[in-house]
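# Descriptive structure summary
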Amino acid sequence: MEIYLDSASLDDVKAAHDLGILDGVTTNPTLIAKEKVDYAKRLAEICGVCKGPVSAEVISTDFAGMMREAADHVKIAPNIVVKLPSTLDGLKACKALADKGVRTNLTLCFQTLQALMVAKAGAFLVSPFIGRLDDVGEDGMELIRTIRTVYDNYGMKTKILAASIRHTNHLLHCAIAGADVATCPLNVIQACMKHPLTDAGLERFLADYKKAFG
Ligand code: G3P
């Protein structure tokens, strides 16, 4: 499974990149608003660090506006992926951009049929939001499983990018369910390498060594 960082913080991107496991980055209007920086400038900085796909989201909700913003986003760097909402206008923009060879990430996916439609329209990535479904009492992971089944039934090439990941258990179950990619905040990536028995074992190894050799 590929791992993307879900952040618009340049420090977070550099930290994840330095770990050697960063495959891409996703951003959204909420994440860039937290940074209070110019979106295009920050995307260029992120693309300077991460050479994998970097998702740049449009703010427009109409087809023409999405196409205008997409044209600006793709000028930033060759690894920019245009992030579009999973709406009717987003679907149209997805198809029009796919026809021009532009990669897209269809976000805010909450049902399998949205994923089916965007795959038909040539989406490069689809982003089902696990945590937000859990928030409203649904099973977010079930959405990953059903999209996987439908895509496999028809050999659909769109990559399932599990999003709205809140903790390592989400990440583990995405890998078990066969998500192609998971995008997570830096703290979730870091938490993958933490276990109390690793810490305790390391402490004991070092103490034993010190006792024997000083
Ligand atoms: O990639 C989408 C993600 O940023 C949403 O996460 O935690 O706001 O639901 P969350």
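Note that the structure is a prediction, hence the values are computed from the model and not measured. (Residues numbered from 1 in each chain as written. Predicted model: local features only at pLDDT ≥ 70, side-chain atom pairs only at ≥ 80, totals over all residues. Heavy atoms only, no water.)

## Digging into the state of the cysteines
Each disulfide is one covalent bond, formed between the sulfur atoms of two cysteines. The line we're drawing: A pair of sulfur atoms, both from cysteines and within 2.5 Å, is called a disulfide here. Summary of the burial criterion: residues with accessible area below 20% of their type's maximum are buried, those above 50% are exposed, and those between are partly exposed, where the area comes from a 1.4 Å probe applied to protein chains only.
Counted by the stated rule, this structure contains zero disulfides. A disulfide-free cysteine, C94 has its sulfur positioned 12 Å from the sulfur of C109, the nearest such atom. Here C94 falls in the buried class, since its relative accessible area comes to 0%. Among the cysteines around C174, which has no disulfide bond, C184 carries the closest sulfur, lying 8.0 Å off. By relative accessible area, which is 0% here, C174 ends up buried.

## Let's talk about the environment of V118
Worth spelling out the cut-off: Helical segments are the DSSP runs of H or I of at least four residues, strand segments are the runs of E of at least two, and each set is numbered from the N terminus. In this analysis, two residues are considered to be in contact whenever any of their non-hydrogen atoms come within 4.5 Å of each other.
By the secondary structure assignment, V118 is in helix α6 (residues 112-120). With relative accessibility at 3%, the residue V118 sits in the buried group. A C-alpha to C-alpha distance of 9.2 Å links V118 and K92, two positions 26 residues apart in sequence. Those residues in contact with V118, other than ones at most four positions away along the chain, are L91, C94, L106, A123, V126 and Y151.

## Quick look at the pairing of strand β3 (residues 54-57)
Which entries qualify depends on this criterion: A pair of strands is considered paired only if DSSP assigns at least 2 bridges between the two. Whether a crossover is right-handed comes down to one check: with the strands pointing away from the viewer, does the path from the first strand over the helix to the second run clockwise; if it does, it is right-handed.
Residues V54 and A56 line one face of β3 and the alternating positions S55 and E57 line the opposite face, and both faces are buried. One ladder, built from two bridges, connects strand β2 (residues 24-26) with β3; its direction is parallel. When the bridges of β3 are listed, T26 appears paired with S55. Here four bridges tie β3 to strand β4 (residues 80-85), and the two strands are oriented parallel to one another. Residue pairing for β4: S55 is matched across the bridge by V81. Read as a crossover between parallel neighbours, the route from β3 over helix α4 (residues 63-76) to β4 is right-handed.

## Concerning the site of the ligand
Which entries qualify depends on this criterion: For this description, a residue counts as near a given molecule or strand if any of its non-hydrogen atoms is within 4 Å of it. Polar contact is the term for a pair of N or O atoms within 3.5 Å; when the atoms are in protein, one must be able to donate a hydrogen and the other to accept it, and sequence-neighboring residues count only if both atoms are side-chain atoms. Note on areas: Shrake-Rupley with a 1.4 Å probe; residue coverage comes only from the protein chains shown. Residue classes follow a fixed rule: Ala, Val, Leu, Ile, Met, Phe, Trp, Tyr, Cys and Pro count as nonpolar, while Asp, Glu, Lys and Arg count as charged, and any other residue, Gly among them, counts as polar.
If you check the shell around the ligand, you find D6, N28, F129, R132, A163, S164 and R166 and nothing else. Between the ligand and the protein, one listed contact pairs an oxygen atom with a side-chain N or O atom of N28 at 3.1 Å. A total of 310 Å² of accessible area belongs to the ligand in isolation, and the protein chains cover 81% of it. Tallied by class, the residues present in the shell around the ligand amount to two nonpolar, two polar and three charged.

## A closer look at the nonpolar core
What counts here: Remark: nonpolar core denotes a set of buried residues (Ala, Val, Leu, Ile, Met, Phe, Trp, Tyr, Cys) joined through side-chain atoms within 4.5 Å.
If you look at the biggest cluster of nonpolar residues, it comprises 58 residues, and the most contacted ones within it are V13, V54, L84, I144, Y151, A162 and I165. For Y151, the residues in contact, after removing those within four places along its chain, are A115, L116, V118, A119, V126, M156, T158 and I160. By size, the runner-up hydrophobic cluster in this structure holds eight residues, among which are Y4, F124, F129 and V181.

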